[in-house]
Amino acid sequence: MSDYLLGIDIGATNTRIAIVDHTGSIIASERMPSQMSAGAPFFQEVGAKARSLGEAYQVQAVGAGSAGQLHHKTGVYLPGLYPTAPWVDVPLKEILETQTGLPSFVDNDCKIHAYAEMKVGAAQGLTDFISLTLGTGLGGGIIANGQLVHGAKGIAGHVGHISIEPDGPLCPCGNRGCLELYASGTAVAKMGSAAYGEEISSPEVFRKAASGDATACTVIEKMAAALGRGLGAMANIFDPQAFVLGGSILEWYPLLEETLLSSFRSSAMNELRDVPILQSPLEGRGGVIGAALYALDELRKQRS
Ligand SMILES: [Zn+2]
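Note that the coordinates shown come from a computational prediction; the quantities given were computed from them, not determined experimentally.

**Concerning the overall build of the protein chain**
And step 1. Check the secondary structure of the protein chain and you find eight helices and ten strands.
And step 2. Here the C-alpha atoms of the protein chain give a radius of gyration of 19 Å, agreeing with the 19 Å that 2.2 N^0.38 yields for 304 residues.
And step 3. The buried share among the 304 residues of the protein chain stands at 48%.
And step 4. When contacts within the protein chain are restricted to residue pairs at least 6 apart in sequence, long-range pairs at least 24 apart make up 66% of them.

**Re the sheet that holds strand E8 (residues 147-148)**
And step 1. Spatial ordering of the open sheet is given by E8-E7-E6-E9-E10, a layout of five strands whose pairing is mixed. Each edge of the sheet is formed by a strand with only one pairing partner; in this case those strands are E8 and strand E10 (277-279).
And step 2. Examined bridge by bridge, strand E7 (residues 138-144) and E8 share two bridges and lie antiparallel to one another. Bridge pairing links alanine 144 to glutamine 147 in E8.

**Considerations on the nonpolar core**
And step 1. By size, the foremost hydrophobic cluster in this structure holds 93 residues, and its most contacted members are Leu6, Ile8, Ile220, Met223, Ala292 and Ala295.
And step 2. Among the elements that make up this core, the one with the highest residue count is helix H6 (residues 214-238) (eleven residues).
And step 3. Counting the residues that make up this core, at least three belong to each of domain 1 (4-113 + 284-303) and domain 2 (125-280).
And step 4. Among residues more than four places away in sequence, those in contact with alanine 295 are Leu5, Ala61, Val62, Gly63 and Phe105.

**Things to note about the pairing of strand E9 (residues 242-246)**
Along any regular strand, the residues point their side chains to alternate faces of the sheet.
And step 1. Burial runs high along E9: four of the five residues are buried.
And step 2. For strand E6 (residues 129-134) and E9, the ladder comprises five bridges, and the chain directions are parallel. Paired with isoleucine 130 across the bridge in E9 is phenylalanine 243.
And step 3. The handedness of the E9 to E10 crossover, carried by helix H7 (residues 253-267), is right-handed.

**Some points on the environment of lysine 153**
And step 1. Tracing the backbone shows lysine 153 in the loop between E8 and helix H4 (185-196).
And step 2. Each C-alpha atom, one on lysine 153 and one on histidine 72, is 9.4 Å from the other, the two residues being 81 residues apart in sequence.

**What to know about the domain arrangement of the protein chain**
And step 1. For the protein chain, the domain assignment lists domain 1 (4-113 + 284-303) and domain 2 (125-280).
And step 2. Between domain 1 and domain 2, the C-alpha centre-to-centre distance is 26 Å.
And step 3. Of the residues lining the interface, eleven residues belong to domain 1; the matching set on domain 2 comes to 15 residues.
And step 4. Per element, the largest residue contribution to the side of domain 1 that touches domain 2 is three residues, and it comes from helix H3 (residues 109-120).

**A word on the sheet that holds strand E3 (residues 26-33)**
And step 1. If you walk across this open sheet you meet the five strands as E3-E2-E1-E4-E5, and the pairing is mixed. Pairing within the sheet leaves two strands with one partner each, and these edge strands are E3 and strand E5 (104-108). Across this sheet, the average inter-strand angle for adjacent strands is 15 degrees, counted without regard to direction.
And step 2. Strand contacts of helix H2 (residues 92-100): strand E1 (4-10), strand E4 (59-66) and E5, with the helix running at about 150 degrees to E5, the strand carrying the most contacts.
And step 3. Strands in contact with H3 are E1, E4 and E5; relative to E5, the strand with the most contacts, it is inclined by about 105 degrees.

About the criteria used
Residues numbered from 1 in each chain as written. Predicted model: local features only at pLDDT ≥ 70, side-chain atom pairs only at ≥ 80, totals over all residues. Helix = DSSP H or I, 4+ residues; strand = E, 2+ residues; numbered from the N terminus. Rg over C-alpha atoms; globule rule 2.2 N^0.38 Å. Buried ≥ 20, exposed ≤ 12 C-beta atoms within 10 Å, placed from the backbone. Contact = placed C-beta atoms within 7 Å. Pairing = 2+ DSSP bridges. Core = buried A, V, L, I, M, F, W, Y, C linked by C-beta atoms within 7 Å. Domains from an automatic or database assignment. Right-handed = clockwise from strand over helix to strand, strands pointing away. Axes fitted to C-alpha atoms, helices over the stretch in contact; angles between N-to-C directions.

Dropping the structure here:
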């Protein structure tokens, strides 16, 4: 019996739907613009597209990773940081099951990405690690004993909301000085705009830093130092075999590395200073592959 799966990656901007085999190879895929702010009708459309893409294959299950917070058991979007958002309370799992007629498994996209790292990415063979996705925001997923950590309420892994500056700026989560306010694309653009006194995007800040611009370098060092401190705090709690960094900011990693490592080593306990910081090889593929393989494993657990 062939084990084809449908993997869905619902990002803030784009949604990718793919047919993935049991080894994690993408057989076919398509994209559509994300419109989470349209609420339930958008997710119905995603389900319908998945059904039509899957028609030519013997698909066993559907997996989906999505921006925002989802409860892995109920499959319903949680209020998270945006309690009035149109996707809150949308029953994604139920919609996908109705549209495709297949068992469906859903979770937050960064947690699903961690699963992809374990199966086909930088963390193959590891059982305890933390994956961080550095993009517009900063998300994460924790794998412990070879399993995705969900936590009591299903929202474990929000590494971006470790407070690293108690007197820092207010975060939408209600806390101050959260890591995401320093180590994310949005944060780099904001810190860069403040430093230059005019609007500047995060890729521009990185480009300027790469060419040696002192102001941009100061912004990037601030980001890298914050990230190192955050990783140090996580290492002290979880004693991971590795960290895996992914996301769109990863292409600039050489600019961060020196400051990040020195900040990490001064924050982590003695025995943890050598925890490897790996770079994800998955680029944009981790979402659909992780979702598909997570669905396959969950289906097997249910049937065993
Ligand atoms: Zn926060």
